[in-house]
Amino acid sequence: MERKILLICAGGMSTGILMKKMEQYAAEHGIALQVEAVGMSAYEDVCHQYDVILLGPQVSYKKAEIEQTSQMPLAVIAAYDYAVGNVANIMKQVDEIYP
């Protein structure tokens, strides 16, 4: 089963770095993964192509708004895991909210 994850941050840059780490982790662990990183201004156009949304900690204050707009499973990535790119912990978070 392919995991489809949308990463959202302020501009899409920092989640773009995390996206690359997630793709590498998935390849190394045999996980089918489709992941995209976007900024706040672009998420509404693509969110329904994914199964879950992960927010960068810097946009955590937008969680309720994004939940209401997207009506999708959503979580805020823990600040430390986001900062160091701890993909193992981030994937555990995905497992907890995956439909």
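Every value quoted in this text rests on a predicted model; they were computed, and no experiment measured them.

A. Structural context of the overall build of the protein. On a plain count of helices and strands, the protein comes out with five helices and four strands. Helices (α) and strands (β) of the protein occur, in sequence order from the N terminus, as β-α-β-α-β-α-β-α-α. For 99 residues, the compact-globule estimate of 2.2 N^0.38 gives 13 Å, and the protein sits close to it at 12 Å. The principal-axis extents of the C-alpha atoms in the protein amount to approximately 35 × 25 × 20 Å. Per-residue burial for the protein yields a buried fraction of 44% across its 99 residues. Sequence separation of at least 24 residues holds for 61% of the intrachain contacts in the protein that already meet a minimum separation of 6. Accessible surface for the protein amounts to roughly 5200 Å². Of this, 50% is attributable to carbon and sulfur atoms.

B. Just the pattern of salt bridges, in detail. Scanning the model with the defined rule gives two salt bridges in all. When the shortest N-O distance is used, the salt bridge between Asp-95 and Arg-3 registers 3.0 Å. Residue Asp-95 is found in helix H5 (residues 87–97), and its partner Arg-3 is found in strand S1 (residues 3–9); the two are separated by 92 residues along the sequence. Two residues, Glu-65 and Lys-62, come together in a salt bridge whose shortest N-O distance is 3.2 Å. Given the relative accessible area of 22%, Lys-62 is considered partly exposed.

C. Main features of the packing of aromatic side chains. Within this structure, the stated rule accounts for zero aromatic pairs. Cation over ring: Arg-3 sits above Tyr-98, and NZ or CZ is 4.1 Å from the ring centre.

D. Region of the structure containing the sheet that holds S1. Pairing is parallel across the open sheet formed by four strands, whose spatial order is S2-S1-S3-S4. The open sheet has two edge strands, strand S2 (33–39) and strand S4 (74–76), and neither has a second partner. Neighbour to neighbour, the strand axes of the sheet diverge by 20 degrees on average, direction disregarded. With four bridges joining them, S1 and strand S3 (residues 52–55) adopt parallel strand pairing. Looking at the pairing, Leu-7 lines up with Leu-54 of S3. Sitting on the sheet, helix H1 (residues 13–29) touches S1 and S2, and the angle it makes with S2 is about 175 degrees. Against the sheet, H5 contacts S1, S3 and S4, and its axis sits at roughly 135 degrees relative to S3.

E. Local environment of unusual backbone geometry. In this model, Gln-71 sits at a positive phi of 55 degrees, which is unusual for a non-glycine residue. Here Gln-71 lies in the loop between helix H3 (63–70) and S4.

About the thresholds
Residues numbered from 1 in each chain as written. Predicted model: local features only at pLDDT ≥ 70, side-chain atom pairs only at ≥ 80, totals over all residues. Heavy atoms only, no water. Helix = DSSP H or I, 4+ residues; strand = E, 2+ residues; numbered from the N terminus. Rg over C-alpha atoms; globule rule 2.2 N^0.38 Å. Buried < 20%, exposed > 50% of the residue type's maximum accessible area, 1.4 Å probe, protein only. Contact = heavy atoms within 4.5 Å. Areas by Shrake-Rupley, 256 points an atom, 1.4 Å probe, with all protein chains shown as cover. Salt bridge = Lys/Arg side-chain N within 4 Å of Asp/Glu carboxyl O. Phe/Tyr/Trp six-rings, centres within 6.5 Å; stacked < 30°, edge-to-face > 60°. Lys NZ or Arg CZ within 6 Å of the ring centre and 35° of its normal. Pairing = 2+ DSSP bridges. Axes fitted to C-alpha atoms, helices over the stretch in contact; angles between N-to-C directions.

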